[in-house]
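Tertiary structure, described
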Amino acid sequence: MSKKLDLSARGKSVFDLRTVLETPDGLAEDVLVSINNGPGPSVILCGGIHGDEYEPQIALRRLIDALSTSDIRGRLVIIPTLNFPASQKGSRLSPLDGHNMNRVFPGKPDGTATERLASFLYGQVFPSFDLLVDVHSGGGDYRVVPMIFGFTAPGCRVGDSELERVMEGWGYRFIQYVDGIASTSAGSSPSAGVASVEIEGGSGGDVTERDVEIMYSGIVRGLTNFGVLAGSERAAPKDVIRVEVTDANQYTAPADGIIEHRVELGAAVGEGQIVALLHPASGASADPIKLHAPRSGYVLRQRARAFVRKGELIGNTGTPRIQ
Ligand SMILES: [Zn+2]
């Protein structure tokens, strides 16, 4: 394991993020792996920005094992567990400062542990790449369909039409169109000159072979089609569904209670269709509150924990995009 981070080093190198950041407080105790085969496209893959999202961390370590320098055209950097302290605790948020790491970008160089790590990535790492791939899953609280969405801006090396090709090349069932949030990793990187995609899928507290396989095969297909993995282009499924998601697609708990989903994750639903029942968690009556799909489309996300508090997100649909 090398100490000093050198993103131009040729070959396959493992860097210890502790020494990169020189933090004694357990801020970043895991690794950054660089596989550099010279000129060509450059991609950085990050997993575990939310510590309880484990499919990405498994898939990215599997990718590190699978790849040698000759498999790369250009440069691929992989950080399998970005929010290491949270991952070690099984939590979405950092136990060091309580931050959601995906809401602190571009970070602060003199801020809390999570803010400093974000600042290091945004300022010193992201600008070296053509594309950021931020890999998420549902974590402990939600189950999510396999989907991809992305962001670019003038000045990024991957522009609008190429970003569409990147997202299609991933081969997931859904491509989502959503407004970027500037404090997220993928939402902030275009202002550092780097286009981004964020991918989602799986979880609900456990990890299944199927979810890891969908995630891993999508990453390999997407990176091959982008050109950073050697090999000929891989066909992606053609039946991709493009959906738009806004706050109006969300359905939340109108009261404390116990959620029973009445539709499957990924199912097509009509506006007003019953998507869940909220059962009372107290009192003598079993009479549930019916929750309706706020907009027609496909169910993209569902709450995985049964007990919910008033106002918590139960799920959201994606509305098919009018081309
Ligand atoms: Zn996440």
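Residue numbers here run from 1 along each chain, matching the order of that chain's written sequence. Where totals are concerned, whole chains, interfaces and linings use all residues; where local detail is concerned, this predicted model gives features only for residues with pLDDT of at least 70, and gives and counts side-chain atom pairs only at 80 or more. Side-chain metrics in this entry use all non-hydrogen atoms of the structure; hydrogen atoms and water are not considered.

1. Section: unusual backbone geometry
Applicable threshold: Segments assigned H or I by DSSP are reported as helices when at least four residues long, segments assigned E as strands when at least two residues long, and all are numbered from the N terminus.
Note that the residue after phenylalanine 105, namely proline 106, is joined by a cis bond; omega there is 5°. Within the fold, proline 106 resides in the loop between α3 (84–89) and α4 (113–125). Not every positive phi belongs to a glycine, and serine 203 is a case in point at roughly 75°. Along the polypeptide, serine 203 turns up in the loop between β8 (195–202) and α7 (209–226).

2. A short note on the coordination of the zinc ion
Ideal coordination angles are 109.5 degrees for a metal with four donors arranged tetrahedrally and 90 or 180 degrees for a metal with six donors arranged octahedrally. Under the convention used in this document: Coordinating donors are taken as N, O and S atoms within 2.8 Å of the metal, stretched to 3.2 Å for Na, K and Ca; because water is absent from the atoms, sites can appear incomplete. Think of it this way: with four donors and all angles in the 85 to 135 degree range, the site is tetrahedral; with four or six donors, opposite ones beyond 155 degrees and the rest between 65 and 115, it is square planar or octahedral; otherwise it is irregular. Under the scheme applied here, a residue whose accessible area is under 20% of the maximum for its type counts as buried, over 50% as exposed, and between as partly exposed, the area being computed with a 1.4 Å probe on protein chains only.
For the zinc ion, the full set of protein donor atoms is His50 (ND1), Glu53 (OE), Glu53 (OE) and His136 (ND1), and the range of their distances to it is 2.0 to 2.4 Å. The coordination sphere of the zinc ion comprises 4 donor atoms, whose angles at the metal cover 57 to 145°; the geometry is irregular. The class of glutamate 53 is buried, set by a relative accessible area of 2%.

3. Some thoughts on the side chain of threonine 317
We apply this condition: In protein, a polar contact means a hydrogen-donor-capable atom and an acceptor-capable atom, both N or O and within 3.5 Å, with residues adjacent in sequence counting only if both atoms are side-chain atoms; elsewhere, any N or O pair within 3.5 Å suffices. Note on definitions: a residue-residue contact is assigned when non-hydrogen atoms from the two residues lie within 4.5 Å.
Relative to the elements of secondary structure, threonine 317 occurs in strand β17 (residues 313–320). Side chain to side chain, threonine 317 and asparagine 249 meet in a polar contact 3.0 Å long. Side-chain polar atoms of threonine 317 contact the backbone oxygen of arginine 295, separated by 3.2 Å. The contacts of threonine 317, once residues within four sequence positions are left out, are Val245, Asn249, Tyr251, Val269, Arg295, Ser296, Tyr298, Val299 and Leu300.

4. Concerning the packing of helix α2 (residues 54–66) against α7
To keep it simple, the criterion reads: Whenever a helix is involved, its axis is fitted only over the stretch in contact; in every case the axis is a line through C-alpha atoms, and angles between N-to-C directions fall within 0 to 180 degrees. Roughly parallel refers to an angle under 35 degrees, roughly antiparallel to one over 145, roughly perpendicular to one between 65 and 115, and oblique to any angle outside these ranges. What makes a crossing left-handed is the near helix being turned counterclockwise from the far one by less than a right angle; a clockwise turn instead makes it right-handed.
At a minimum axis separation of 9 Å, α2 and α7 run at an interaxial angle of 50°. Classified by the angle their axes make, α2 and α7 are oblique. The handedness of the crossing between α2 and α7 is right-handed. Each of Glu55, Pro56, Ile58, Ala59, Leu60, Arg62, Leu63 and Ala66 in α2 lies in contact with α7, whose residues at this interface are Asp211, Val212, Glu213, Met215, Tyr216, Ile219, Val220 and Leu223.

5. Brief notes about the pattern of salt bridges
Inclusion rule: The term salt bridge refers to a pairing of a side-chain nitrogen on Lys or Arg with a carboxyl oxygen on Asp or Glu at a separation within 4 Å.
For the coordinates displayed, the defined rule picks out 14 salt bridges. Of the charged contacts in the structure, one is a salt bridge between arginine 321 and glutamate 244, with a shortest N-O distance of 3.2 Å. Of this pair, arginine 321 sits in the segment after β17 while glutamate 244 sits in strand β9 (residues 241–244), and the two are 77 residues apart along the sequence. Relative accessible area serves as the criterion here: at 33%, arginine 321 is assigned to the partly exposed category. For glutamate 244, a relative accessible area of 35% gives the class partly exposed. One continuous salt-bridge network, built from bridges that share partners, spans Glu164, Glu168 and Arg242.

6. Thoughts on the domain arrangement of the chain
Our working rule: Segmentation into domains, and thus their bounds, comes from an automatic or database assignment. Summed over both partners, buried area is the accessible surface (1.4 Å probe) that two parts give up on being assembled. Charged means Asp, Glu, Lys or Arg here, nonpolar means Ala, Val, Leu, Ile, Met, Phe, Trp, Tyr, Cys or Pro, and polar covers whatever is left, Gly included.
In terms of domains, the chain is made up of domain 1 (11–241) and domain 2 (245–320). Computed from C-alpha atoms alone, the centre-to-centre distance between domain 1 and domain 2 is 29 Å. Across the contact, 15 residues belong to domain 1 and 13 residues belong to domain 2. Taking both partners together, domain 1 and domain 2 bury about 1300 Å²; carbon and sulfur atoms supply 54% of that area. Looking at the side of domain 1 facing domain 2, the largest losses of area belong to Asp141, Tyr142 and Arg143, adding up to 45% of the total buried there. The partner of arginine 305 in a salt bridge is aspartate 141, and the shortest N-O contact between them spans 2.5 Å. On the surface where domain 1 and domain 2 come into contact, there are 7 residue pairs in polar contact (both at pLDDT 80 or more). Listing elements by their share of the side of domain 1 that touches domain 2, those giving two or more residues are β6 (142–151) and β7 (174–177). A total of 5 residues in the side of domain 1 that touches domain 2 trace back to one element, the largest contributor, which is β6. For the side of domain 1 that touches domain 2, the residue count by class is 8 nonpolar, 3 polar and 4 charged.

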